[in-house]
Amino acid sequence: MHDEAVTHFDDQILQLTEGHSFLYETFGIRPQFSWHVDPFGASATTPTLFALAGFNAHLISRIDYNLKEARQAAQELQFVWQGSPSLSAQQQIFTHIMDQYSYCTPSHLPFSNRSGFYWNGVAVFPEPPADGVYPNMSEPVTPANIGLYAEALVANVKQRAAWFRTPHVLWPWGCDKQFFNASVQFANMDRLLDHVNSHAASLGVSVQYATLGDYFRALHALNVTWRIRDHHDFLPYSTEPFQAWTGFYTSRSALKGLARRASALLYAGESMFARYMWPAPLGPLDPAWALQQLRQLRWAVSEVQHHDAVTGTESPKVRDMYEEHLASGMLGVRKLMASIVLDGPQPGAGRAAPAADPGAGPAGHFVTAYNPLAWTVTTIITLTVAFPGVSVTDELGHSVPAQIQSSTETPSAYILHILATIPGLSYRHYGIRPTAGTRQGTQEAAATMASTLRFGRRLRRHASLGGRRLVPVLNDCYTVLLDQDTNLMHSVRERQSNRTVHMTQEFLEYHVNGDVKQGPISDNYMFTPKDGAAPAWEAVEMEIVAGKLVTEIRQYFYRNVTTRDYTYAIYSRLAHVPPGGDAELLCRRIEQQYHVGPLELNREAVLRTSTDLNSRQVLYSDNNGYQMQRRPYLAYENNSIARNYYPMVQSAFVEDGRSRLVLLSERAHGVSSQGNGQVEVMLHRRLWNNLDWDLGYNLTLNDTSVVHPVLWLLLGPWSATTALRQRSGLALQHRPVVLFGELAGTTLNHPGPQKHEAVTLPPNVHLQILSIPGWNYSSNHTEHVQNLQKGHGGEAQADLHRVLLRLHHLYEAGEDPVLSQPVTVDLEAVLRGLGPIAAVEERSLTGTWDVSTLRRWSWGTETGHCRGRSTFPSRSSQGPTITIHPKEIRTFFIHFQQQ
């Protein structure tokens, strides 16, 4: 059960694909029903993905307590969910919400002081009780109490039946940590079921053991017309007035960032390896070893999507395990990438992987940058070097625009910015050499040195006096006005519309309670502020580092006037490039990185951006990076601040009738609009409480780390930001991967990959994956099952010839007059650099179904859809030319002609 609030849908698909492929390859099994009972709220992305994977029904449980109560009373716990507004009925799915008892058997027995139906008790870890007596064991079923047990079970079944529209009631038996002694459980339940069924006429209930499939098949066989739910999600999730589960949107920010970086590295490594292997392997790399590195990271990234992993709701020891698995997997893939780039022998064969930092060397270093996106990208590559004078050249020896400046972290180091334009799924190679200065008349002009202008410390109590002395920082797309009297941002002028938007940014903290005797508490899961956020700084310093390529604004926020070390910082960056062509995404963003922490105890830190946009306090935030949700501010009797927090996985925005301010993120955060024109992002949390449950599981979140999250800001008219938002979000998530090596001489005789033909897709289509998965199952289901029956399943070598391709249309229907149109892609032309295509098979989302044989159930709905089975998708293709429609995700197996 992946989390549904803070996971990116790329990673949801990855973990689902890895799991489905394992089950199918090993057992020939293809799941068709979900059991998503424990994630803390339900996203509208999940039902769409499950429909695309071939599921017939979806089951969830945790939704807001007020909403569940209302739906229960109205018999609306079952419906057909159209999770995507663009795909709507094409990928709808029947959905069942568990009632107020959730996924557990009711524990109260009116005739006993012990819990009911838990005859093996509660599991004890790591060692079982020596006497075999577990806590909370239910009374065994005996002739003396079997009638009482039957009455309790039947009463609960009838209570639940009133909340549903059919005579079939799903009655979950068990709970967390149950069935560790299954024979005891079934021995008691067998007697109870026999008794109930032998008295069915008088009790009015019959009972049978069932799977989810049995239950949903029984529902599907009934002639029932179901209500339709649209694309709205079930977030946020609250269980009581002061229990809003919105804290986990930010908990363990460092883990959230690591998980997404690992995912991005895996994405790049997959396509890099596929390009290495096709049309023919380019060197001595062992493909089996390479596949092992990729698989290790696939499973580590998949594992951390769990609803008690990337959520930050695990204990420190378990967090350490996730981080160790991710770090180990990332190291393996970086070794693989280094082997491909250097075209060298395997690790352990006498050649070290490249260093992670191009420090000083006699001849300098080469840098290889790989663009994993299927578009040409113009961006700034940032490196740390040990010398202030440096020249940068490309593969042909031509000088490359570059800028050098002092480091914010290490006084003895320097930051080198390089302007790079890299075609899709391609490499650029650069030589970096120390130089005494600019050598005029040569091709190796030195990188320009940025100049720094410093502004002294300004006090917060004088902020009201600001607005009189403004300093402009500008590029061809924006003018950022900074207030010399406050050292804060004052406003931003967006040049396309020539509108100036008043905009300020500051750090605030919510103070929260940690003593259960004093009231509700915040923990890993929940956010329960005492009051509104308070400013977390008393003074701010500012530097403007101005250069020809990049200008950086550095703002340092101090908790106290006399404090030496800052707690918070904002590093804002504007690139000096023309706004057109491949550089448009670079020109039209304000890049910001933050320094946050260490926090004081029981503080929750937010960055609040306040504007004069008349947003009417309506926020838009994304579901898992797949689609946007409209979030109007809702006033509650209690806990309104926390209940108006939402997950931001990749983007959020506020807007008025003329302009839109977009925030793009490289990790998940909580986001809210607590005032008109405001958007605040929770960046970090440090908590401790004395709740027994939290203490028992070490879930107090005493996180003393410093985190460095990144946001990109886009400001402009709706039309411009609509066109830019999706691709800019991908550019942030999938920045070029940079690898280093030492230069052996004075020329860049680079040993890396031969020049590839670029892979370029239309601007509204994203290459979601290009990989060699290595699965050895036959694409023909009958043949695969026969191989398993013959015992051949585990003998086959990894299949290195099948290439997995997944494409995603980035835009909603009607979102943009041009980019929302269906687009036709000639796969043969796009993938020409990998060789001639021999065959194209369209598959289900996770690859286990041939779409021509997949028939998902169709459910009768109030709009008149017929019952029975529906073909999925409506536009399947077995040829190299495909048409992809708004928000579609299409998955293919590509077979290239072997050279």
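Residues numbered from 1 in each chain as written. Predicted model: local features only at pLDDT ≥ 70, side-chain atom pairs only at ≥ 80, totals over all residues. Heavy atoms only, no water.

(A) Expanded view of the pairing of strand S18 (residues 499–511). With 4 bridges joining them, strand S17 (residues 488–494) and S18 adopt antiparallel strand pairing. When the sheet's bridge partners are listed, Val-492 is paired in S18 with Val-501. Hairpin geometry of S17 and S18 is characterised by an intervening segment of 4 residues between the two adjacent antiparallel strands and by a positive phi of about 55 degrees at Asn-498. Sheet topology places S18 next to strand S24 (residues 603–611); 9 bridges connect them, and they run antiparallel. Considered in S24, the bridge of Met-503 is made with Thr-611. Strand direction decides the pairing type here: S18 and strand S19 (residues 534–535), joined by 2 bridges, are antiparallel. When the bridges of S19 are listed, Leu-508 appears paired with Pro-535. (Pairing = 2+ DSSP bridges. Helix = DSSP H or I, 4+ residues; strand = E, 2+ residues; numbered from the N terminus.)

(B) Quick peek at empty space enclosed by the protein. This model, assessed by the stated rule, comprises 5 cavities of 30 Å³ or more. Asp-10, Leu-14, Gln-768, Ile-769 and Arg-806 are, among the 22 residues lining the largest cavity, the residues nearest its centre. With 6 residues, the top contributor of residues to the lining of the largest cavity is helix H1 (residues 9–27). Class assignment for the residues of the lining of the largest cavity results in 8 nonpolar, 7 polar and 7 charged. (1 Å grid on protein atoms, 1.4 Å probe; cavity = no way out; pocket = protein on both sides within 12 Å on 5 of 7 lines; lining within 4 Å. Points joined across faces, edges and corners; volume = space filled by probe spheres on them. Nonpolar A, V, L, I, M, F, W, Y, C, P; charged D, E, K, R; others polar.)

(C) Representation of the sheet that holds strand S4 (residues 228–229) in the model. Here we have 4 strands laid out as an open sheet, ordered S1-S3-S2-S4, and mixed in their pairing. Lying at the two open borders of the sheet, with one neighbouring strand each, are strand S1 (57–60) and S4. As paired strands, strand S2 (residues 78–81) and strand S3 (residues 93–97) are joined by 4 bridges and run antiparallel to one another. The residue bridging Phe-79 from the neighbouring strand is Thr-95, located in S3.

(D) Quick peek at the layout of surface pockets. Taken as a whole, the largest pocket holds about 1800 Å³ of empty space. A per-element tally of the lining of the largest pocket places strand S8 (residues 377–385) first, with 6 residues. By residue class, the composition of the lining of the largest pocket is 23 nonpolar, 15 polar and 12 charged. Considering only enclosed or pocket space, the second largest pocket measures out at about 1200 Å³ in volume.

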